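Structural overview
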Amino acid sequence: MPTPFFEMDSRLNDLAEQVRVEMAPVFSRVEEIADYNQQKVLSAFIRHRVSEAHFVPTTGYGYGDRGREVLEEVFADVLGAEDALVRHSILCGTHAITVALFGVLRPGDVLLAATGAPYDTLLGVIGADKPSDGSLAEYGVEYREVPLNREGLPNLEGICEALRADPAIKVVHIQRSRGYNLRPSLTVARIGEIVEAVRSVRSDVIVFVDNCYGEFAEREEPTAVGVDLMAGSLIKNPGGGIAENGGYICGRRDLVEKCAYRLTTPGLGKEVGASLGHNRTMFMGLFQAPHVVGEAMKTAVFAAALFEKLGYRCTPTAIEERADIIQAIQMCEAKPLIAFCQGIQSGAPVDAFVTPEPWDMPGYDNQVIMAAGAFTMGSSIELSADAPLREPFAVYMQGGLNFSSGRIGVLLAAQKMLDAGVLSNL
Ligand SMILES: *Cc1c(COP(=O)(O)O)cnc(C)c1O
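Quick look at the structure, then. (Residues numbered from 1 in each chain as written. Predicted model: local features only at pLDDT ≥ 70, side-chain atom pairs only at ≥ 80, totals over all residues. Heavy atoms only, no water.)

Some thoughts on the overall build of the protein chain
Within the protein chain, the regular secondary structure consists of 11 helices and 12 strands. The C-alpha atoms of the protein chain give a radius of gyration of 21 Å, which matches the 22 Å a tight globule of 426 residues would have. Expressed as lengths along the three principal axes of its C-alpha atoms, the size of the protein chain is roughly 65 × 50 × 40 Å. When each of the 426 residues of the protein chain is scored for burial, the buried share is 57%. Across the protein chain, every contact between residues at least 6 apart in sequence was considered, and the portion connecting residues at least 24 apart equals 71%. The distance from the centre of the 37 positive side-chain charges to the centre of the 54 negative ones in the protein chain is 3 Å. (Helix = DSSP H or I, 4+ residues; strand = E, 2+ residues; numbered from the N terminus. Rg over C-alpha atoms; globule rule 2.2 N^0.38 Å. Buried < 20%, exposed > 50% of the residue type's maximum accessible area, 1.4 Å probe, protein only. Contact = heavy atoms within 4.5 Å. Lys, Arg positive; Asp, Glu negative; His and termini not counted. Charge placed at Lys NZ, Arg CZ, Asp CG, Glu CD.)

Following this line, the structure appears as structure tokens:
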């Protein structure tokens, strides 16, 4: 594929061409998953008789918002759940997970993180190691953690032991995606192994999955292996790059109801919440999501294959099975990492002229650099890259609304590194 509208070193273009040929079987695997999930979504839209009337905005209380109800039925169906809460008033992924945890945990209960420390933004929500106002800890919910083993995989023995040791454990938390960590993301099959281990000790414990970045990356979702409840963000995978904000919680009906009572009020639950005209974009985003996730995964495969050829360590590797849309590339030093992010930014459809710089972001111990030129602020289903400036100087890249532009973004990142004289092996 030539790049007539961009100035690219011919050696990079040659490598890109090699990648295209060599990765054809990997791309076709991604396309098969996207095709399967697209059929799943399309058939759900048809079965639930999605209609123009469901796009009509409601205001005020939003009682009887048929569009909102059908949207939630379709989401539940697609994600293999009994019921779902899908709201623009769930403000982000952290909010969705917070509502889910507060929804099902009560004072005296214990939350067990089965896959090590959860994503950064949840530490304040839990409040065990990071005291904060309004945390679960303040409401008398205790916290335990089973770290991942040395390979970054779940410690099944350790999880069983923790469950045996503490009958007050009510919820087991599993994080599907690596987050900003070099551990492997968990496949649905691996999550199934955790569920099986948990059930072998306690059948009544609630298994919760932070599903952020995982939706449609595989044929099935964690609900298929017995997960009770899961949550995610609509400015990641399931919003398809179209939803303007929002989040979802789905799973067992009784648990989703508890979450609805937490999100709105006891008694009102799911019945209230005007959609204000967001239904159309949420329906359309869900419809687009399997395809867009496939494009983001092809962009990730392309980046891994290209940067492996350039001598960098990539996690996952280009040919490895993927459980989410995140690609980590170890840059080993600050300079190439910064150049990479600036290159990604220079290929964005929005704000390409901006140069990202590392800065002291609140809540982080190291400087952080972020590249994002997105139609939706902070959307990471759109091509984006970020990195804390610390060993091993790994950059985390994700998204890409379409592979043609995602590929250009990745090539421009390599070109920027070449221009800065920090690209090895070329
Ligand atoms: C993004 C993410 C979150 C939090 O989502 P926000 O929308 O940023 O609040 C939680 N967990 C994981 C694994 C994530 O990737």
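What follows picks up the thread again.
As for the site of the ligand
Lining the immediate surroundings of the ligand are C92, G93, T94, I97, Y119, Q175, D210, C212, Y213 and K236. For the ligand, an oxygen atom lies 2.7 Å from a polar atom in the backbone of G93. In this structure, an oxygen atom belonging to the ligand sits 2.5 Å away from a side-chain N or O atom of T94. Each residue belonging to the shell around the ligand can be placed in one class, and the counts come to five nonpolar, three polar and two charged. (Near = heavy atom within 4 Å. Polar contact = N/O pair within 3.5 Å; in protein donor to acceptor, adjacent residues only side chain to side chain. Nonpolar A, V, L, I, M, F, W, Y, C, P; charged D, E, K, R; others polar.)

A look at unusual backbone geometry
The peptide bond linking T315 to P316 adopts the cis configuration, its omega dihedral lying at -5°. Topologically, P316 is positioned in the loop between strand 8 (313-315) and strand 9 (327-330). One non-glycine residue, F393, lies in the positive phi region at around 50°. Structurally, the position occupied by F393 is in the loop between strand 11 (384-388) and strand 12 (394-398). The exposure class assigned to F393 is buried, which follows from its relative accessible area of 13%.

Focus on the sheet that holds strand 4 (residues 169-175)
With mixed pairing, the seven strands of this open sheet are ordered in space as 1-7-6-5-4-2-3. For this open sheet the edge positions go to strand 1 (83-87) and strand 3 (142-145), each flanked by a neighbour on one side alone. Each strand of the sheet is rotated relative to its neighbour by a mean of 20°, with strand direction disregarded. Relative to strand 6 (residues 229-233), strand 5 (residues 206-210) runs parallel, the two sharing three bridges. Bridging across to strand 6, V209 finds its partner in M230. Packed on one face of the sheet, helix 3 (residues 66-78) meets strand 1 and strand 7 (247-251) and runs near 125° to strand 1. In this fold helix 7 (residues 188-201) packs onto strand 4 and strand 5, with an angle of close to 160° to the strand it touches most, strand 5. (Pairing = 2+ DSSP bridges. Axes fitted to C-alpha atoms, helices over the stretch in contact; angles between N-to-C directions.)

Points about the pattern of salt bridges
Scanning all chains against the criterion turns up 22 salt bridges. A salt bridge links K309 to E22; the nearest nitrogen and oxygen atoms lie 2.9 Å apart. One end of the pair, K309, is in helix 9 (residues 279-309); the other, E22, is in helix 1 (residues 10-22), and 287 residues separate them in sequence. We classify E22 as partly exposed; its relative accessible area is 43%. R252 is paired through a salt bridge with D254; the nearest N and O atoms lie 2.8 Å apart. Since its relative accessible area comes to 37%, D254 is described here as partly exposed. (Salt bridge = Lys/Arg side-chain N within 4 Å of Asp/Glu carboxyl O.)

A look at the packing of helix 2 (residues 24-47) against helix 3
Two numbers describe how helix 2 lies on helix 3: the axes approach to 9 Å, and their chain directions differ by 140°. Both helix 2 and helix 3 take part in a crossing whose hand is right-handed. Each of K40, V41, A44, F45 and R47 in helix 2 lies in contact with helix 3, whose residues at this interface are V74, D77 and V78. Among the residues making up the contact of helix 2 with helix 3, the classes are represented as five nonpolar, no polar and three charged. (Left-handed = near helix turned anticlockwise from the far one by under 90°.)

Note that all results are geometric; they support no functional claim without further evidence.
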